[in-house]
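# Analysis of the macromolecular model
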Amino acid sequence: MADEPLVLGIETSCDETGVGIVRGTTLLADAVASSVDEHARFGGVVPEVASRAHLEAMVPTIERALKEAGITARDLDGISVTAGPGLAGALLVGVSAAKAYAYALGKPLYGVNHLASHICVDQLEHGPLPEPTMALLVSGGHSSLLLAPDITSDVRPMGATIDDAAGEAFDKIARVLHLGFPGGPVIDRLAREGDPAAIAFPRGLTGPRDAPYDFSFSGLKTSVARWIEAKRAAGEEVPVRDVAASFQEAVVDVLTRKAVRACKDEGVDHLMVGGGVAANSRLRALAQERCERAGIRLRVPRPGLCTDNGAMVAALGAEMVARGRPASDWALSADSSLPVTEPHVPSTAHDHDHAQSHAQGHDHDHLHELAKDNLYS
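Notes on the structure follow. Owing to the predicted nature of the structure, the values given are computational and were not obtained by experimental measurement.

### Digging into the environment of Gly317
- Tracing the backbone through its elements, the reader meets Gly317 in helix H12 (residues 310-322).
- Residue classification places Gly317 among the buried positions, given a relative accessible area of 0%.
- Sequence separation of Gly317 and Gly111 is 206 residues, and the distance between their C-alpha atoms is 8.2 Å.
- Leaving out residues up to four positions away in the same chain, Gly317 has contacts with Val7 and Ser80.

### Brief notes about the side chain of Ser143
- You can see Ser143 is positioned in strand S7 (residues 143-150).
- For Ser143, the residues in contact, after removing those within four places along its chain, are Leu137, Val138, Gly159, Ala160, Thr161, Ala165, Ala166, Phe215 and Phe217.

### A look at the packing of helix H9 (residues 240-266) against helix H10 (residues 281-294)
- Packing of H9 against H10 brings their axes to within 9 Å, and their N-to-C directions diverge by 35°. Remark: the crossing between H9 and H10 carries right-handed chirality. Seen from H9, the contacting residues are Gln248, Glu249, Val252, Asp253, Leu255, Thr256, Arg257, Val260 and Lys264; seen from H10, they are Arg282, Leu283, Leu286, Ala287, Arg290, Cys291 and Ala294.
- Residue composition of the contact of H9 with H10, by class: eight nonpolar, two polar and six charged.

### Quick word on empty space enclosed by the protein
- Counting across every chain of the model gives one cavity of 30 Å³ or more.
- When its volume is computed, the largest cavity comes out at roughly 40 Å³.
- Looking at the largest cavity, the residues that line it are Gln123, Leu129, Pro130, Glu131, Thr133, Ala148, Asp150, Ile151 and Arg323.

### As for H10
- When the terminal C-alpha atoms of H10 are compared, their 20 Å separation across 14 residues agrees well with the 20 Å that a helix rising 1.5 Å per residue should span.
- Restricting attention to buried positions, one finds in H10 the residues Leu283, Leu286, Ala287, Arg290 and Cys291. Summarising the axial view, the buried residues of H10 lie within an arc of 130°, below the 170-degree limit, and thus occupy one face. Opposite its buried face, H10 presents the exposed residues Glu292 and Arg293, each directed more than 90 degrees away.
- The opening residue of H10 is Asn280, an N-cap whose side-chain oxygen sits 3.0 Å from the backbone nitrogen of Arg282.
- Positive backbone phi, approximately 70°, marks Gly295, located one or two places after H10.

### Comments concerning the sheet that holds strand S11 (residues 344-345)
- The sheet built from six strands is open, its strands ordered S3-S2-S1-S4-S5-S11 with mixed pairing. In the strand order of this sheet, the two ends are held by strand S3 (26-34) and S11, each with one partner.
- Taken together, the eight bridges between strand S2 (residues 16-23) and S3 define a ladder with antiparallel strand orientation. For Ile21, the partnering residue across the bridge sits in S3 and is Ala29.
- Its contacts with the sheet place helix H2 (residues 47-69) against strand S1 (6-11), S2 and S3, and it is angled at close to 150° to S3.
- Running over the sheet, helix H3 (residues 88-105) touches S1, strand S4 (78-84) and strand S5 (109-113) and is turned about 160° from S4.

### Notes on the packing of helix H8 (residues 218-233) against H9
- Viewed as axis vectors pointing N to C, H8 and H9 meet at an angle of 165°, and their least axial separation amounts to 11 Å. The angle between H8 and H9 places the two elements in the roughly antiparallel class. H8 and H9 meet at a crossing whose hand is right-handed. Residues Leu220, Val224, Trp227 and Ile228 of H8 touch H9, and the partners they reach there are Val243, Phe247, Ala250 and Val251.

### Observations concerning the layout of surface pockets
- Of the voids in this model, the largest pocket is the one considered here, and its volume is about 970 Å³.
- Together, 34 residues line the largest pocket, and Ser139, Gly140, Gly141, Asp171 and Pro182 are the ones closest to its centre.
- Of all elements in the fold, only helix H6 (166-176) and helix H7 (184-191) reach the threshold of two or more residues within the lining of the largest pocket.
- At six residues, H6 tops the list of elements feeding residues into the lining of the largest pocket.
- The residue makeup of the lining of the largest pocket, split by class, is eleven nonpolar, 15 polar and eight charged.

What counts as what
- Residues numbered from 1 in each chain as written.
- Predicted model: local features only at pLDDT ≥ 70, side-chain atom pairs only at ≥ 80, totals over all residues.
- Heavy atoms only, no water.
- Helix = DSSP H or I, 4+ residues; strand = E, 2+ residues; numbered from the N terminus.
- Buried < 20%, exposed > 50% of the residue type's maximum accessible area, 1.4 Å probe, protein only.
- Contact = heavy atoms within 4.5 Å.
- Axes fitted to C-alpha atoms, helices over the stretch in contact; angles between N-to-C directions.
- Left-handed = near helix turned anticlockwise from the far one by under 90°.
- Nonpolar A, V, L, I, M, F, W, Y, C, P; charged D, E, K, R; others polar.
- 1 Å grid on protein atoms, 1.4 Å probe; cavity = no way out; pocket = protein on both sides within 12 Å on 5 of 7 lines; lining within 4 Å.
- Points joined across faces, edges and corners; volume = space filled by probe spheres on them.
- Expected span 1.5 Å × (residues − 1).
- Arc of directions from axis to C-beta.
- Polar contact = N/O pair within 3.5 Å; in protein donor to acceptor, adjacent residues only side chain to side chain.
- Pairing = 2+ DSSP bridges.
- Parallel < 35°, antiparallel > 145°, perpendicular 65-115°, else oblique.

Here's what the structure looks like:
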């Protein structure tokens, strides 16, 4: 168990119900139920809609993952769940489900950090993470540069967005261009047919006195929106493909430039890129180009593992078990602003012992056995 722990991970931080099953660093199942179509008509994620979708999808998605992995819930060595950051209501659904399964099965529970999970998922594709790992995480809610000497206990923020995250900027520009939601994939597609040098959009926080590792995309977003509005006010056609390409280039230029600089400054010879925006084809290409020039090895998971998924949560949970990190207790709750410096939410030794003895004390409880037999066989 300690060498190759079998762990189920639950991810519900936003609009996707993800359930993954991992044995050590081997992915056995990755089941996802997305509610993105239910949010599209609102132009963004509606927390209440996301929470309801998680409730409806949770049990079927867990059952699908178990079937895909060819195991039963009793075979598991532990259950991990995203405890934060994310949407509070959505997180609570996942945490509640994980606690129920862990309690009924008598398995240890691990509340883990969403951002640390995005880093750890790369182990499923490229093997154990180097220590330390430099990671650029880019998504709809986060744009962060992180240094992780130990993914289970020591994650250090180098820089972060001070306003809009990169993915959020993609969605907002897509809305201005009437391209629908989510904006990232459609802008990526249109940008391939446009000229990235057609329009000189600004690069935020790249001056000599600016914070070297922080990001800002609010000014870029406003600049692009005003450029589009000016074209429309003059009765001119907006060159959508050129706008998409130029905007995208401004974003990925800043992201990759700062990430490579951080690697050089810290003496780290590799860079991991993750998060939903890491699926962007131009970000991958430019990161590869700049890393090769700098003698840095680039690690980017396949697109399906970059977006929110249960596999990444299971991967970090399995690493917690393998390294003997303390499990969380039954008082675990969601923390919408859980800092990245807390890769997981452990219990105190006393609380952990109490939680374990409490679970073991129920092993002979008739109702508990009945629940396990009916639901988790």
